Amino acid sequence: MVPHHAYSRLGSPGGTPSPPASPRRSPRTHRRPSKSASGRLLQSPRALVQRMAWMLLSLLLRRQAIFLFAPLLYVAGMLFYMGTVSLEGVPRIISRPAPGSIYRSPQLYLRLRTDMNADNSSDALATVWRHAYKGGMWRPCINMTMNELPDSNGYIYVEANGGLNQQRASICNAVAVAGYLNATLVIPNFHYHSIWRDPRFIRISPFANRLSFDAPSTVQRLRCLANFEALRFSNPIATLAEKLISRMKEQSTDNNGRYLAVHLRFEEDMVAFSCCIFDGGEEEKQDMNAARERGWRGKFTKPGRVIRPGVIRMSGKCPLTPLEVGLILRGMGFSNNTAIYLASGKIYKAEKAMAPLLEMFPLLQTKETLASAEELAPFKNYSSRMAAVDYSVCLHGEVFVTTQGGNFPHFLIGHRRYLYGGHSKTIKPDKRKLALLLDNPKVSWKALKRQLLNMRAHSDAKGIEIKRPNDSIYTYPCPDCMCRSNKSEVLKSPPAR
């Protein structure tokens, strides 16, 4: 019999069994660290790397606030520093103007004048045109035979608006239209148009640019006939022009009567309209503002309009000054004994502006210097008559130099082509390249002359050009108004302009 034991609060071997022992923990995650011989704890390499990564992440998180406030601290420090340092010692950023945007030709002339004067041996008038007869000459071939005219279909009356050459275009276009329609052209007269009562009467106003340049060949030939053969200046204008041409040839006996003609556009209204800045300072600024207001009444001061003189100059739209014309011609090889006829209106600040050009070309003449006051009196107050005299003298020069666009060179270049075998014998400087050349403070006379001679050669090569679609027949008379002298030659495609 098993002996009975008293109840024990602590339990006894014979009482209620003790709860089962807890399961043994995994030795992989809860292994007790072992001790080395020295008593220090040992860790596995993997656990050490994890602990170091966690410490680094904690350090970055604790310093995040410093990174957020760093820009503010930097700005505050700079403001404090700028308040204690004088601004006079701080370097400033200087904006340099773009090359070709500033008028510096007077400085260039002063620097190169000695070298230019020492280089005066060339004779460009004798050698300027080398391509005049390459590819065969052209000759006028307008049919001027007159047949019996049929009965007129009516009348055409046009208003010849504008200046001299706009009126010229109006008349030539009107002749072409009247011939094409078999109508009678009434001589333009602004005072008589109201008296016509014919129901078939056509009145066109204005008429300078109403007719397409790509008209049928019959219309084109009528234009040629009117412009190059039929139109003549009145006897007083033609007589004075012949006198001036004769006097120019007398002044150029050293060059076998050859002279150079320049069309210069440096009148006050042209300078004002261009919005370019030259070397006249505040006085020039006030003069140009006043001229723009007189001529165009607020056109240039409208709200929102931005005028950039530097951009205008770089794009080649500024009128050339007399000084620049002289530099260009000397650089192109024309010596100071070249006779020059200057076609121009009243030059802005003429005494100052013309002085360097006269120094470079002392044989320079104008209609005012060639003709007496009595000879000019009938034309003095009529700008179109004065322009007609200039046109005639420029037409017969060995060289024509155009410095600005417009109707005057537009018609003159074509007329010269018609007279000189298809070659315009005209120098047309590249004003975009000129803006860069004349604004180069380091260019030498030799380098400048080389560039200008290339420009002259380019004008020579472009002297003979064939009309393309949308070109003016008054500037490009080949092939509508002219034929090749050598019929066996095949007309080549015109070079790209």
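All residue numbers refer to positions counted from 1 along the written sequence of the respective chain. Only residues with pLDDT of at least 70 are given local features in this predicted model, and only at 80 or more are side-chain atom pairs given and counted; all residues enter the totals for whole chains, interfaces and linings. Note that water and hydrogens are dropped before the side-chain values are worked out from all heavy atoms of the structure.

- An unreviewed UniProt entry lists the chain under the name O-fucosyltransferase family protein, with Elaeis guineensis var. tenera as the source organism.
- The Sequence similarities (unreviewed entry) comment attached to the chain in UniProt states, word for word, "Belongs to the glycosyltransferase GT106 family." UniProt positions are given in the numbering used here, feature names are shortened, and annotations may be inferred rather than shown by experiment.

## Things to note about the packing of aromatic side chains
Link 1 in the chain: Each Phe, Tyr or Trp ring (for Trp, its six-membered ring) is paired with any other whose centre lies within 6.5 Å, and the angle between the two planes then decides the class: stacked below 30 degrees, edge-to-face above 60, tilted in between. If you walk through the whole model with that rule in mind, you get ten aromatic pairs.
Link 2 in the chain: With 5.3 Å between their ring centres and 70 degrees between their planes, Tyr 103 and Phe 278 make a pair best called edge-to-face. Taken together, the positions of Tyr 103 in the loop between helix H2 (64–84) and helix H3 (105–118) and Phe 278 in the loop between helix H8 (268–274) and helix H9 (281–296) put the pair 175 residues apart, joining distant regions of the chain.
Link 3 in the chain: Here's how the labels work: a residue is buried when its accessible area is under 20% of the maximum for its type, exposed when over 50%, partly exposed in between, all with a 1.4 Å probe on protein chains only. Looking at Phe 278, the relative accessible area reads 10%, which means it is buried.
Link 4 in the chain: Geometrically, the ring pair formed by Phe 213 and Tyr 474 is edge-to-face, given 6.5 Å between the ring centres and 80 degrees between the ring planes. Within this pair, whereas Phe 213 is found in the loop between strand S4 (201–204) and helix H6 (217–230), its partner Tyr 474 is found in the loop between helix H18 (445–461) and strand S10 (482–484), the two being separated by 261 residues in sequence.
Link 5 in the chain: Three or more aromatic residues joined by ring pairs form one cluster here, namely Tyr 103, Phe 266 and Phe 278.
Link 6 in the chain: Two limits define a charge over a ring: the Lys NZ or Arg CZ must be within 6 Å of the ring centre, and within 35 degrees of the ring normal. The lysine or arginine in question, Arg 313, covers the ring of Phe 278, its NZ or CZ lying 5.0 Å from the ring centre. Numbered from the N terminus, helices here are DSSP runs of H or I no shorter than four residues, and strands are runs of E no shorter than two.

## Points about H3
Link 1 in the chain: Working rule for helices: expected span equals 1.5 Å times residues minus one. A rise of 1.5 Å per residue sets the reference length of H3, with its 14 residues, at 20 Å; its end C-alpha atoms lie 19 Å apart and thus fit the reference within 8%.
Link 2 in the chain: The sharpest bend along H3 measures roughly 55 degrees and falls at Leu 112.
Link 3 in the chain: What H3 keeps buried is the set Ser 105, Pro 106, Leu 108, Tyr 109, Leu 112 and Met 116.
Link 4 in the chain: Throughout, a residue-residue contact means that at least one pair of heavy atoms, one from each residue, lies within 4.5 Å. Of the surrounding secondary structure, the elements contacted by the buried residues of H3 are helix H11 (322–331), helix H12 (350–360), helix H17 (431–437) and H18. For a residue, the bend is simply the angle between two axes, fitted respectively to the seven-residue segment ending there and the seven-residue segment starting there.

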